[in-house]
Each structure stands twice: as C-alpha cells, then as structure tokens.
Amino acid sequence: MIKLYDFPMSPRARKARIVLAEKGLQYEKVNIDITKGDQKKPEYQAINPYGKVPALQDNGATVYESSIIMEYLNDKYPTPPLLPADPGQRARARVLMHLGDNAYDSALAAIVGEVFFKPKGQADQDVIAKAKQDLSACLERLERELGNNEYLVGAFSLADVCFATWAPLFGPLQVEVPGQCAKVSAWLNRLKERRGVKAAG
Ligand SMILES: N[C@@H](CCC(=O)N[C@@H](CS)C(=O)NCC(=O)O)C(=O)O
C-alpha cells in the first residue's frame, strides 16, 4: 500500500494528494504535524532528509520533493496520464511546473510566512507587497500561457496541480487574481471544481 507522509494544510503535500485522487489510488496517510516539529524527528528524517512534507513510500521506493512524487506516481501508475505524450508539450508542462515550484511557490510562501507565522500586527508589509507583485507577474504570465485552453497544456496535467494546490489559500492570505487575468480566474475555479482536486481536501 502506498504510504503518504502528509500534513493537511501543506500545499506541497496536497499536490501528491491531488495526483493520488486523480489516479484513483488507495493510500495510507501518515500525519506529520509540522506545527509540532514531527518533520525534524530522526525517524522522519531517515525518510526525508530535508525534514519536510510530503514524502511517499511505495513498493520499496522512498520519494520526496512534491513534484518528484507527482512524476513518480505518473510514471508508476500511468492511467490517466498527467503529462502530454509529445516530448515538446511534455517539456512545456515541466517548464510550467518549474514556474509553479519556484517563482509562484516562493511568492506565496513569503506571504504565508508573514500572515500565518508572525504574531498578529507584526507582518512585514513590504515583504507582502513585493511577494504580491511577484505573484501578479506569475499570474499575468499564466494568462498568456493559458490562451484559450481549458488547462495549461490542453488536458489537465501535473502543471495545473502546481498551481491548483495553493488556490484554497488565496482567500485567507487576501491574495487576489489581477482583474486583467480573467482566464486565470476561470481556470483556477475550474481546477477547484475537479473531482480529484476536491477529494484531495
Ligand atoms: N520543495 C519541497 C518543499 C516542502 C516544504 O517546504 N514543505 C513544508 C510544508 S508545505 C514543510 O514541510 N515545512 C516544515 C519545515 O520546513 O520545517 C517540496 O516541494 O516537497
């Protein structure tokens, strides 16, 4: 049985949960409470030496780093495929995953750090403003990348998961999609409504 080392509020762990749900895979969740420091315990660091969630074990394989977990699941359980077959489109999906895992993730993580982890009233507004600016630049790029497609590379893919995973935090973080990004707004709503995304919690 697949074992996912998980924390319910973690957007990176949610990426793995979305892929597991989209593929209809059964798995066992092991809760790693990052608010209590479970991720730094030696027994967990023996699984993920970075001391972060998620991690996954399956059939003797131990995998960590959320996008590598998604790729592992897609390789091992290819139905339904969550990357395009065409090498050029597949590379484009990975370029967009890179955007999701770097500029986009960093901007949102910076806002999370200020809003959720600083004592009330002590959030650094300059950090938040800069992160919101970086985030808007990503969303404007996504508006262009989407074109008239339903999903980033046509059919739903791992690239969409990298962005869908943060969407539930937009409200609590007071993050808004810029008005000129109507396609991104519609796409994020479409993602929220997917069965697999909903099932991931
Ligand atoms: N690049 C890693 C980042 C994982 C990560 O930062 N996870 C957060 C939760 S979303 C975590 O474990 N934080 C606890 C800590 O850093 O101590 C991935 O994508 O898996």
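Fair warning: this is a prediction, and the values are worked out from it, not measured in the lab. Starting from 1, residues in each chain are numbered consecutively following that chain's sequence as written. In view of the model being predicted, local features appear only for residues whose pLDDT reaches at least 70, and side-chain atom pairs are presented and counted only at 80 or more, with totals across whole chains, interfaces and linings using the full set of residues. Where side-chain values are given, they derive from all heavy atoms of the structure, hydrogens and water being excluded.

Examining the domain arrangement of the chain
Bear in mind that the domain bounds are from an automatic or database domain assignment. The domain boundaries assigned to the chain delineate domain 1 (2–76) and domain 2 (87–199). The interface is formed by 13 residues belonging to domain 1 together with 19 residues belonging to domain 2. Once two parts are brought into contact, the accessible area they lose, counted with a 1.4 Å probe and summed over both, makes up the buried area. Summed over both sides, the interface of domain 1 with domain 2 buries roughly 1400 Å², with 58% coming from carbon and sulfur. For E71, the salt bridge identified is with R94, shortest N-O distance 2.9 Å. Identification of polar contacts relies on pairs of N or O atoms within 3.5 Å, with a donor-acceptor requirement for protein atoms, meaning one able to donate a hydrogen and the other able to accept it, and with residues adjacent in sequence counted only if both atoms are side-chain atoms. Seen at the junction of domain 1 and domain 2, the total is eight residue pairs in polar contact (both at pLDDT 80 or more). Secondary structure elements follow DSSP: runs of H or I no shorter than four residues count as helices, runs of E no shorter than two count as strands, and numbering proceeds from the N terminus. Elements with a minimum of two residues in the side of domain 1 that touches domain 2: α1 (11–22) and α3 (66–76). Ranked by residue count, the leading element in the side of domain 1 that touches domain 2 is α1, at eight residues. Note on residue classes: Ala, Val, Leu, Ile, Met, Phe, Trp, Tyr, Cys and Pro are nonpolar, Asp, Glu, Lys and Arg are charged, and everything else, Gly too, is polar. A per-class count over the side of domain 1 that touches domain 2 returns five nonpolar, two polar and six charged. Contacts: residue pairs with any heavy atoms within 4.5 Å of one another. Whenever Lys or Arg places a side-chain nitrogen within 4 Å of a carboxyl oxygen from Asp or Glu, that contact is recorded as a salt bridge.

Considerations on unusual backbone geometry
P54 follows V53 through a cis peptide bond whose omega is 5°. Here P54 shows up in the loop between α2 (42–45) and β3 (55–58). Looking along the chain, the bond that leaves T79 and enters P80 is cis, with omega of -10°. With respect to the helices and strands, the residue P80 is situated in the loop between α3 and α4 (87–115). One non-glycine residue, N59, lies in the positive phi region at around 55°. As for its position among the elements, N59 is in the loop between β3 and β4 (61–64). Remark: exposure states derive from per-residue accessible area (1.4 Å probe, protein chains only) relative to the maximum for the residue type, with buried under 20%, exposed over 50%, and partly exposed in between. For N59, a relative accessible area of 62% gives the class exposed. At Q174, a position not held by glycine, the phi torsion is positive, near 55°. Within the element layout of this structure, Q174 appears in the loop between α6 (158–164) and α7 (182–193). Residue Q174 is classed as exposed on the basis of its relative accessible area of 63%.

Remarks on the sheet that holds β4
Here a strand pair is declared whenever DSSP counts at least two bridges between the two strands. Read from one edge of the open sheet, four strands run β2-β1-β3-β4, paired in mixed fashion. The open sheet terminates on both sides in strands that have one partner only, identified here as β2 (27–31) and β4. Neighbour-to-neighbour, the strand axes of this sheet turn through a mean angle of 20°, independent of strand direction. One ladder, built from three bridges, connects strand β1 (residues 2–6) with β3; its direction is antiparallel. From the neighbouring strand, L4 faces β3, where its bridge partner is L56. A fitted line through C-alpha atoms represents every axis, and for helices the fit uses only the stretch in contact; the resulting angles, taken between N-to-C directions, go from 0 to 180 degrees. Across the sheet, α1 lies against β1 and β2, angled at about 150° from β1, the strand it touches most. The strands touched by α3 are β1, β3 and β4; relative to β4, the strand with the most contacts, the crossing angle is about 140°.

A look at the pattern of salt bridges
Pairing between side chains of opposite charge can happen when their charged atoms approach one another. Here the structure, examined in full by the defined rule, presents 12 salt bridges. Put simply, E145 and R141 hold a salt bridge, and the shortest N to O gap is 3.3 Å. Of this pair, E145 and R141 are both found in helix α5 (residues 125–146), four residues apart, which corresponds to roughly one turn of the helix. Among the residues examined, E145 registers a relative accessible area of 22% and is labelled partly exposed. Overlapping salt bridges, with partners in common, bring together R92, R141 and E145 in one network.

Concerning the site of the ligand
In these notes, residues near a molecule or strand are those with any non-hydrogen atom within 4 Å of it. In the vicinity of the ligand, the residues found are S10, P11, R12, I34, Q39, K40, G51, K52, V53, P54, E65 and S66. Starting from 510 Å² of accessible surface for the ligand in isolation, the protein chains cover 78%. Cavities and pockets are defined on a 1 Å grid built over the protein atoms alone: a cavity is a set of grid points where a 1.4 Å probe fits but cannot escape, while a pocket is an open set with protein on both sides within 12 Å along at least five of seven lines, and lining residues are those with an atom within 4 Å of any such point. What decides whether a molecule sits in a cavity or pocket is whether more than half of its atoms lie within 2 Å of the grid points. More than half of the atoms of the ligand fall within 2 Å of the grid points belonging to the largest pocket. In the shell around the ligand, the residues fall into four nonpolar, four polar and four charged. With residues, only the protein chains shown are counted as cover, and all accessible areas are computed by Shrake-Rupley using a 1.4 Å probe.

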